[in-house]
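Descriptive structure summary
Residues per chain are reported as follows:
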Amino acid sequence: MSLFKARDWWSTVVGNKEEFDQGCLCVANIDNSSGGQDKIIVGSYMGFLRIYHPHPAKPGDPMQVEELLLETQLREPILQVEVGKFVSGTELLHLAVLHCKKLCVYAVSGILGNTEHGNQYQLKLMYEHNLQRTACNMTYGPFGGIKGRDLICIQSVDGMLMVFEQESYSFGRFLPGFLLPGPLTYSSRTDSFITVSSCRQVESYKYQVLAFATDASREEMEQQKLGSGRKLAVDWVLNIGEQALDICVVSFNHTVSSVFVLGERNFFCLKDNGQIRFMKKLDSSSSCFLPYCSVSEGTINTLIGNHNSMLHVYQDVTLKWATQLSLIPVAVRVGNFQDLKGVIVALSDSGCLQCSYLGTDPSLFQAPKVEARAINYEEYDAEMNKLQKIIKDATKTKDVLLRSEKNEALALSVEVLPVLDSVSQAVDSEVRAEVIPSVTVKITLESRLTPLKTKLTVCVQPPLALTQDKFILELDTAIRKTAVLSAFLKGNCPPADLEGTALASYSTPTGIPRVTQCKFRFPLKLVCFPTQPSKAASQKLTIDTNKPPVSLITLFPDFAGSTDEDQLNALGFQLLSGSKITLLASKTSQRYRLQSDQFEDIWLIAKELVLRLEGHFRKQNCKDFSCTFSGPIPLQEYFEIIDHHFELRLNAAKYEQLLSERAIQFRAIQRRLLARFKDKTPAPLQHLDTLLEGTYRQVIALADAAEENQANMFQAFTKLKSATQLVILLISLWQKLSADQVAILEATFLPLTQDTQELGWEESVDASVSHLLKTCLSKSSKEHALTLANQLTIPRDTNRLKKHITLLYDRLAKGGCMSLNTDTDSQQLTMLPGSCTTIAESDLEERPASQDTTTMFTNHKHLTKQKAEADLPQDELQEAEKP
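Below, the structure is looked at part by part.

Before going further, it helps to examine the sheet that holds strand 1 (residues 7–13). With antiparallel pairing, 4 strands are arranged side by side in an open sheet as 1-28-27-26. Lying at the two open borders of the sheet, with one neighbouring strand each, are strand 1 and strand 26 (329–337). Going from strand to strand, the sheet's axes swing by 20° on average, the running direction of each strand aside.

With the rule as written, the count across this model stands at 22 aromatic pairs. Look at phenylalanine 143 and tyrosine 207: their rings are 5.7 Å apart centre to centre, the planes differ by 40°, and that puts the pair in the tilted class. Here phenylalanine 143 is found in the loop between strand 10 (135–141) and strand 11 (151–156), whereas its partner tyrosine 207 is found in helix 1 (residues 207–212), with 64 residues between them in sequence. Taken as a pair, phenylalanine 143 and tyrosine 207 share a single burial class, namely buried. On the basis of an interplanar angle of 70° and a centroid distance of 6.2 Å, the ring pair of phenylalanine 267 and phenylalanine 289 is categorised as edge-to-face. Of this pair, phenylalanine 267 sits in strand 20 (residues 266–270) while phenylalanine 289 is found in strand 22 (residues 286–293), placing the two residues 22 residues apart along the sequence. With relative accessibility at 0%, the residue phenylalanine 267 sits in the buried group. The buried category is assigned to phenylalanine 289, whose relative accessible area is 3%. The rings of Phe143, Phe171, Tyr186, Phe193 and Tyr207 are connected pair by pair, giving a single aromatic cluster.

Okay, the pattern of salt bridges next. Opposite charge on two side chains allows them to pair when their charged atoms are near. In the structure shown here, the tally under the stated rule is 21 salt bridges. Measuring nitrogen to oxygen at the nearest pair gives 2.8 Å for the salt bridge that ties glutamate 18 to arginine 50. On the criterion of sequence distance, the pair formed by glutamate 18 in the loop between strand 1 and strand 2 (25–28) and arginine 50 in strand 4 (residues 48–52) is long-range, its members being 32 residues apart. No difference in accessibility class separates glutamate 18 from arginine 50, as the two residues are buried. Of the charged contacts in the structure, one is a salt bridge between arginine 697 and glutamate 693, with a shortest N-O distance of 2.8 Å. Separated by 4 residues within a single helix, arginine 697 and glutamate 693 lie in helix 7 (residues 688–735), roughly one turn from each other. On the basis of relative accessible area, arginine 697 is assigned to the exposed category, the value being 56%. Judged by its relative accessible area of 29%, glutamate 693 falls in the partly exposed class. Here the residues in one salt-bridge network are Glu499, Arg521, Asp558, Glu608 and Arg612, joined through shared partners.

Most of strand 30 (residues 438–447) is tucked away, with 9 of its 10 residues classed as buried. As judged from the 9 bridges shared by strand 30 and strand 34 (residues 480–489), these two strands associate in the antiparallel manner. Each bridged residue has a counterpart across the sheet, and for threonine 440 the counterpart in strand 34 is serine 486.

Attention now moves to a nonpolar patch on the surface. A grouping of Ile375, Tyr377 and Tyr380 is seen on the molecular surface, where their side chains present a nonpolar patch of about 360 Å² in accessible area. Within the fold, isoleucine 375 resides in the loop between strand 28 (352–357) and helix 3 (377–395). Overall, the relative accessible area of 48% leaves isoleucine 375 in the partly exposed class.

Formed by 102 residues in total, the largest nonpolar core has its most connected members in Ile443, Phe522, Leu524, Phe573, Tyr638 and Phe749. By residue number, the principal contributor to this core is helix 7, which donates 11 residues. Sequence-distant contacts of isoleucine 443, that is, excluding residues within four places in its chain, are made with Leu412, Ser413, Val414, Leu456, Val458, Lys481, Thr482, Ala483, Leu485 and Ala502. One finds Trp9, Tyr52, Val343 and Val345 within the second-largest nonpolar core, a separate group that totals 18 residues.

With that out of the way, let us pick up the packing of helix 8 (residues 739–749) against helix 9 (residues 761–774). Between helix 8 and helix 9, the shortest axis-to-axis distance is 8 Å and the interhelical angle comes to 140°. By the angle between their directions, the pair helix 8 and helix 9 is classed as oblique. Of the residues in helix 9, those in contact with Ile744, Thr748 and Phe749 of helix 8 are Trp761, Val765, Ser768, Val769 and Leu772. For the contact of helix 8 with helix 9, the class distribution of residues is 6 nonpolar, 2 polar and no charged.

Between helix 6 (residues 635–678) and helix 7, the least distance of the axes is 8 Å, while the angle of their chain directions is 160°. Here helix 6 is positioned roughly antiparallel relative to helix 7, judged by the angle of their axes. As for the relative orientation of helix 6 and helix 7, their crossing is left-handed in sense. Looking at the contact of helix 6 with helix 7, its residues break down into 27 nonpolar, 10 polar and 6 charged.

Right, let's get into helix 9. Here helix 9 spans 20 Å end to end across 14 residues, near enough to the 20 Å set by a 1.5 Å rise per residue. Of all 14 residues in helix 9, 12 are buried; the element is thus mostly enclosed. Every buried residue of helix 9 is listed here: Trp761, Glu762, Glu763, Ser764, Val765, Asp766, Ala767, Val769, Ser770, Leu772, Leu773 and Lys774.

Right, let's get into unusual backbone geometry. Backbone torsion omega between proline 462 and proline 463 reads 15°, so that peptide bond is classified as cis. Residues other than glycine seldom take positive phi values, yet aspartate 316 does so here, at roughly 60°. Counting through the fold element by element, aspartate 316 comes out in the loop between strand 24 (310–315) and strand 25 (318–324). Relative accessible area serves as the criterion here: at 18%, aspartate 316 is assigned to the buried category.

Sheet strands line up and pair through hydrogen bonds in the backbone, either parallel or antiparallel. Pairing is antiparallel across the open sheet formed by 6 strands, whose spatial order is 37-39-40-41-38-42. Sheet topology places strand 37 (528–531) and strand 42 (627–628) at the edges, where each strand pairs with a single neighbour. Seen against the sheet, helix 5 (residues 602–619) touches strand 38 (539–545), strand 39 (570–575), strand 40 (580–585), strand 41 (591–596) and strand 42 and runs at an angle of roughly 160° to strand 41.

About the thresholds
- Residues numbered from 1 in each chain as written.
- Predicted model: local features only at pLDDT ≥ 70, side-chain atom pairs only at ≥ 80, totals over all residues.
- Heavy atoms only, no water.
- Pairing = 2+ DSSP bridges.
- Helix = DSSP H or I, 4+ residues; strand = E, 2+ residues; numbered from the N terminus.
- Axes fitted to C-alpha atoms, helices over the stretch in contact; angles between N-to-C directions.
- Phe/Tyr/Trp six-rings, centres within 6.5 Å; stacked < 30°, edge-to-face > 60°.
- Buried < 20%, exposed > 50% of the residue type's maximum accessible area, 1.4 Å probe, protein only.
- Salt bridge = Lys/Arg side-chain N within 4 Å of Asp/Glu carboxyl O.
- Patch = residues over 30% accessible without salt bridge, like charges linked within 9 Å, V, L, I, M, F, W, Y side chains within 5 Å.
- Areas by Shrake-Rupley, 256 points an atom, 1.4 Å probe, with all protein chains shown as cover.
- Core = buried A, V, L, I, M, F, W, Y, C linked by side-chain atoms within 4.5 Å.
- Contact = heavy atoms within 4.5 Å.
- Parallel < 35°, antiparallel > 145°, perpendicular 65-115°, else oblique.
- Nonpolar A, V, L, I, M, F, W, Y, C, P; charged D, E, K, R; others polar.
- Left-handed = near helix turned anticlockwise from the far one by under 90°.
- Expected span 1.5 Å × (residues − 1).

See below:
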């Protein structure tokens, strides 16, 4: 249950497929009952008039039949309904109904019923006026300062104001410069009519000026067009620069009143003379509003509904409350029903009528009672046998598993264009660059057997994004269809991977679901561009090869277009949202150096370098090419990235806790304020309103800080994945690991595609590394018997994780070999799938886990000449696991 959701007190659907607008709703004591309770009057464009008196037994109950007091169909569409003192000789309230060519005034009266059918209500026509012009809207009030009765003013679609003095027609006047009708209201304090013209100007006309002007006629219009004759003078004009949806006048007292104008994107409050008191820019497109006097002296509250089904409560320009509605309101009113005052009545254009209030009472769900019944075991056994037979028959289908790709029903291929788009397709990107490149991806699908309905999904890792990632294609046999999309960098950080996956899901003719996937890789120029190489850098890595060095122009022809002949051994790469990386090729030795100021930014260039070197020598039919890394592995920089990510996770937990505490405090203050407002004997608020406003500001500030921390944590997690993949690459080159062993390391250090508070990277990797240390990288069989005590909860710090990672690298440096084959003869232990063989005891002694974690490891071939510094008196793994 959310505090910011309107509590449904009573609701119904008015009519069937009828249309409504802002003038079709009115709330008043139309039957002049002694209790003073309001009724809801609703008129529709279909000509139906309905009057409701909601009184549910408890909030949320469905509408009862007796709550509909009256329903009748008039002959013409109803444009507007209003309630006022429209009949001479009495001050009782009557109902005015505006049609296109007629104005009708009715009296609504109730008759006490003596039978079970209850009370009866009837509609009696008091008088009507046939209009010579098509009406648009109307307003009413004590025109000319008259007391005890209300006069009616109707605006026609051609700009004529027609004034009716109850049963008689008074006069009609044309508005000057009229083009289209706008909202119309009456100000009793200044005795003037206020409207918004098609020139987007708020105009005020005095009633006395209208009354003493020349009668409206066709000749008068022609004279005004020619610039002669007596023109109607405007009192004051204000240009608001946009079309107005509604206009209303609210008075503080007899001496002060304000004119409120609701625009499409702004909300204006004007003084009596047309000067702006204040204005408020709205965040979304508004649909209706209702100003009313506030309990605070000198302020006015305003209800504003928008097309996002939200209802905002403003006190002057300050947003005091925002609540979610179940409909898009086109008209909103406030009424008093039973003992509940200030009920919000909202009406949608399709006829959804809702009465709600801004309460905080919880909606508790109670599970229904389960009916106790005897269990029929024979029936369950028969159903089980039937289901097993269906499963057995389904598994006998010959084409459950298609054994070769030639028999695949769907062929899927992906082509990434080698050149970037001439016109970038990037949308809503956060990258701070002049030009954000994009690349076109063409995905081709072909059905080989039968026509298929295929759902195509394209997945890339954030911060990369696609212009479209989902397609639904109808494939005919042997006819290819191509889906075209573009990829670009959306987030303001370098991606951790340039690979993507296309997934096509379909069903075979026998109803078996199938999935076909195809992986692809984006070009490096999508995330970086060439720049001048830099000599100074804090992070440097050197990769050795067993072949003569290759010119960087040959390896990176797409980045060497403007490179000088003297700089053929150096290239610069500038990431769109990162640092600069410099690649150097040695002229004499077989080495390549990568250097940058950020450790994690080297990953993309290092991976691209290895792939292009392997592809270059593969084209030359060179099968013995290999890359190596002789160290040292920069663990210190890697651990700093881990600590930064973990610190942001702790901050997120703190923000969540503080936000929960402030929300509890906010609800407690609301409950006390609600109790004070419901109390029949007024009591002082004791600054509870000030405390509520302060708590609300704290909640907003904490929410903004938590959102900013969430964005920073996403960038930190992306950098952590880049640094982790770079470390795995260096280890694989350092120890010459096979593809299966690299897959084990990737599954260990990259277990999550996204990071959450419930399951984070640190605890997942700690559990995975601990499993490796106790299985395939264990020193003895005793470690196999140890049980994992690590629970997947956020740790207090990263010391244990860093010790385990250091210990893992140390054992790899001393000859640890990871393999998918288990040695069951030597240990006679059951190994999990994907584990590795246990290494034998080495002559080399391991350095303590408590040693500085910044220790750099070199190739294990050179360790035979070194002497161990110390030996642990206890088991090394158990020492590392101590908090």
